[in-house]
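Examining the three-dimensional arrangement
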Amino acid sequence: MHACAYTLTRKGTGRRADRSGPYPSVSFSILKSLHASTYSIHVAAIIRMLSPRLVRSHHWFPTMAARGACAVLVLIFLLFVLISHTSNKSISSDSVVETRERMSNGLDEEGQGDAPVETNKNAGISDDTVSSLLERIKVLEDELSSMRTRMDDAENREGNNGIPDEMAVPLPTTKSFPSVRYRNEETRKRVLITGGAGFVGSHLVDKLMLDGHEIIALDNYFTGRKKNIEHWIGHPNFEMVHHDVVNPYFVEVDQIYHLASPASPPHYMYNPVKTIKTNTLGTINMLGLAKRVKATVLLASTSEVYGDPEVHPQPETYWGHVNTIGPRACYDEGKRVAESLMVAYNKQENVKIRIARIFNTFGPRMHMNDGRVVSNFIIQALQDKPITIYGNGTQTRSFQYVTDLVDGLIALMNSNYSLPVNIGNPEEHTIGEFATIIRDLVPGSTSEIVNQESQQDDPQQRRPDIRRAAEQIQWRPQVLMKDGLLKTIEYFRAEIDRNKRGGKPPPEPVRHGGLESRR
């Protein structure tokens, strides 16, 4: 009977029975009816057993004494049943009262009158166990909150200072930048440099950043490399933009240095049409931007506008001697058109312009495969390979170090002079002499000098007349050619060693269309 009642309780409530009474309080009405039915069955059965018909039919009531004893037993049994029933009713009633009191208290405490509060939910778990679990949960919550607080604090500090080693969280290290000059809003300029990740552009970025200006460097990475300006990425005054100047670009700036264009024969001859578009459409876009925001724009032109000159040295007043359909024409004529556009915008739209005609320049961050004289000779001398001269070696060149060029560009930009200005080193050497100088500056080099077929439209003389630069912008080169070559040799030696560590073989010289390049 008890088992039956317990089973009904589990099916009806879905939880374990309350042990405060003989039966669960929630099923008291069911058990009460079961008790009444049971007592009725017992009494009916006894009465039937004592009926005359059954007494006569049973052989085990033969005498009156036996019948009397049986009657006494029946009376005792009835008394026992009555006492048991009275006791169970009293206990169950007390259980119901206690349960109702618990439910009432629970509703008062929770403030919810729409649903009864379940009682004795943890009747099968000891109070000590429940308390221990609650304390452990509280401890874990405190530890989690503490860890969050320490992680938030660590984000505002450099490194992991002040955090124990066992609690240290690996965070990105704070990047350090070179110290820059402080400028206020009045003297600080916002400068756009196209080709800012290139050889010359990256050095110009360095100079202007150190001087405290805000720089936006545009580059499509055709010849430029992010490695050249990666030390400034993340600085609040610097922004790097992947963009092609053939497409318009809109920004608010004070000055524009338009350096974007491939400058070595293998690079500008790789895609002649794109070279022309960069020097025409790109220049138009930068001039249009300068017109809109009233900025000063400087064009990085080239000594190639003089072609194979018939005047020596070349002054800015010389018109040049250029083959308009030769292999170099895409670059030479592109720069000549760019100069014409600059002057047209100055006269028609009053755009402030600066034109720099740049002569041969060398220094760190030159491409190892740009096919220029300096990079070719240095790499060949470092690798003890033959130094190749195209032609008889009597053609002359003038080489300036890159920092001198950057100083000249900045001096020209900050001047008030709108006509073209030569920026170069008037120190002139034949190509044969230059090859010997480089080989002698590389310790232990055993490279021999060999002559090969000359290149088409290769200028025979190149030397700038820099009197205008000296008079108008007070500029002259400061770095001796040999000092600059020593720095450049060290740079190329480090690049070759880095390529070897990276598993890349050093570049080999090859010929393309009469021009030397590297693959």
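Residues numbered from 1 in each chain as written. Predicted model: local features only at pLDDT ≥ 70, side-chain atom pairs only at ≥ 80, totals over all residues. Heavy atoms only, no water.

The cut-off we apply is this: UniProt positions are given in the numbering used here, feature names are shortened, and annotations may be inferred rather than shown by experiment.
Going by an unreviewed UniProt entry, the protein chain carries the name UDP-glucuronate decarboxylase and comes from Caenorhabditis nigoni. The record held by UniProt for the protein chain lists under Sequence similarities (unreviewed entry) the comment "Belongs to the NAD(P)-dependent epimerase/dehydratase family. UDP-glucuronic acid decarboxylase subfamily." Turning to the protein chain, the UniProt annotation filed under Cofactor (unreviewed entry) states: "NAD(+)".

A short note on unusual backbone geometry
Stated formally: Strands are runs of DSSP state E lasting at least two residues, helices are runs of H or I lasting at least four, and both sets are numbered from the N terminus onward. Classification of residues uses two cut-offs on accessible area relative to the type maximum, computed with a 1.4 Å probe and protein chains only: under 20% is buried, over 50% is exposed, and between them is partly exposed.
Look at the link from His312 to Pro313: it is a cis peptide, with omega at -10°. Relative to the helices and strands, Pro313 is located in the loop between strand S5 (296–302) and helix H9 (329–349). One non-glycine residue, Tyr221, lies in positive phi territory at about 65°. Here Tyr221 lies in the loop between strand S2 (214–219) and strand S3 (238–242). Positive phi outside glycine occurs at Arg365, with the angle close to 80°. Its location among the elements puts Arg365 in the loop between strand S7 (361–362) and helix H10 (373–382). Of the residues examined, Arg365 reaches a relative accessible area of 17% and is grouped as buried.

As for a nonpolar patch on the surface
To be explicit about the condition: Exposure above 30% relative accessible area and the absence of a salt bridge qualify a residue for a patch, where like charges join within 9 Å and nonpolar side chains (Val, Leu, Ile, Met, Phe, Trp, Tyr) within 5 Å. In short, Shrake-Rupley with a 1.4 Å probe defines the accessible areas, and a residue's cover is counted only from the protein chains shown. Think of a salt bridge as a Lys or Arg side-chain nitrogen and an Asp or Glu carboxyl oxygen that are within 4 Å of each other.
Judged by side-chain polarity, Val72, Leu73 and Ile76 come together as a nonpolar surface patch covering roughly 300 Å² of accessible area. Of note, Ile76 is situated in helix H4 (residues 64–110). A relative accessible area of 51% places Ile76 in the exposed class.

Section: the packing of H10 against helix H14 (residues 481–501)
Selection criterion: Lines fitted to C-alpha atoms define the axes, with helix axes restricted to the stretch in contact, and inter-axis angles between N-to-C directions lie between 0 and 180 degrees. For this classification, under 35 degrees means roughly parallel, over 145 means roughly antiparallel, 65 to 115 means roughly perpendicular, and everything else is oblique. For a crossing to be left-handed, the near helix must be turned anticlockwise from the far one by less than a right angle; the clockwise case is right-handed. By definition in these notes, contact holds between two residues if any of their heavy atoms fall within 4.5 Å. Residues were grouped as follows: Ala, Val, Leu, Ile, Met, Phe, Trp, Tyr, Cys and Pro as nonpolar; Asp, Glu, Lys and Arg as charged; and all remaining residues, including Gly, as polar.
Put simply, H10 and H14 touch, their axes get as near as 10 Å, and they point 60° apart. With respect to H14, the element H10 is oriented oblique. The way H10 lies across H14 gives a crossing that is right-handed. Judged by residue contacts, Val374, Ser375, Ile378, Ile379 and Leu382 of H10 engage Leu485, Thr488, Ile489, Phe492, Arg493 and Ile496 from H14. Each residue belonging to the contact of H10 with H14 can be placed in one class, and the counts come to eight nonpolar, two polar and one charged.

A few points about H9
The cut-off we apply is this: How far a helix is expected to stretch is found by multiplying one less than its residue total by 1.5 Å.
Compared with an ideal rise of 1.5 Å per residue, which puts 21 residues at 30 Å, H9 spans 29 Å between its outermost C-alpha atoms and is within 8% of the ideal. The elements touched by buried residues of H9 are helix H7 (265–268), helix H8 (272–293), S5, strand S6 (353–358) and strand S11 (420–423).

Remarks on the packing of helix H6 (residues 199–210) against helix H11 (residues 402–413)
With their axes 10 Å apart at the nearest point, H6 and H11 run at an angle of 65° to one another. For the element pair H6 and H11, the recorded crossing hand is right-handed. Taken together, the residues of H11 that come into contact with H6 (itself represented by Phe199, Val200, His203, Leu204, Lys207 and Leu208) are Val402, Leu405, Val406, Asp407, Leu409 and Ile410. By residue class, the composition of the contact of H6 with H11 is nine nonpolar, one polar and two charged.

Comments concerning the pattern of salt bridges
In a structure, side chains of opposite charge can pair up when their charged atoms sit close to one another. Under the defined criterion, the tally for this structure stands at 21 salt bridges. A salt bridge links Asp370 to Arg372; its shortest N-O distance comes to 3.4 Å. Arg372 sits in the partly exposed class, given a relative accessible area of 24%. Because the salt bridges share partners, they merge into one network encompassing Glu304, Arg328, Arg397, Asp458 and Arg462.

Overview of the sheet that holds S11
Sheets are built from strands paired through backbone hydrogen bonds, the pairs being either parallel or antiparallel. Basically, it comes down to this: A pair of strands counts as paired when DSSP detects no fewer than two bridges linking them.
Taken in spatial order, the seven strands make up an open sheet running S3-S2-S1-S4-S5-S6-S11, and their pairing is parallel. The open sheet has two edge strands with one neighbour each: S3 and S11. Across the sheet, the axes of successive neighbouring strands diverge by a mean angle of 20°, strand direction being ignored. Summarising the sheet, strand S1 (residues 190–194) and strand S4 (residues 255–258) pair through four bridges and their orientation is parallel. Bridge assignment links Leu192 to a residue of S4, and that residue is Ile256. Most of the contacts of H6 go to S1, to which it runs at about 170°, and overall it touches S1, S2, S3 and S4. The sheet strands contacting H8 are S1, S4, S5 and S6, and the helix crosses S4 at an angle near 175°.

Here we look at the environment of Pro265
Along the chain, Pro265 falls in helix H7. According to the relative accessible area criterion, Pro265 is buried, its value standing at 16%. Separated by 63 residues in sequence, Pro265 and Arg328 have C-alpha atoms that sit 7.2 Å apart.

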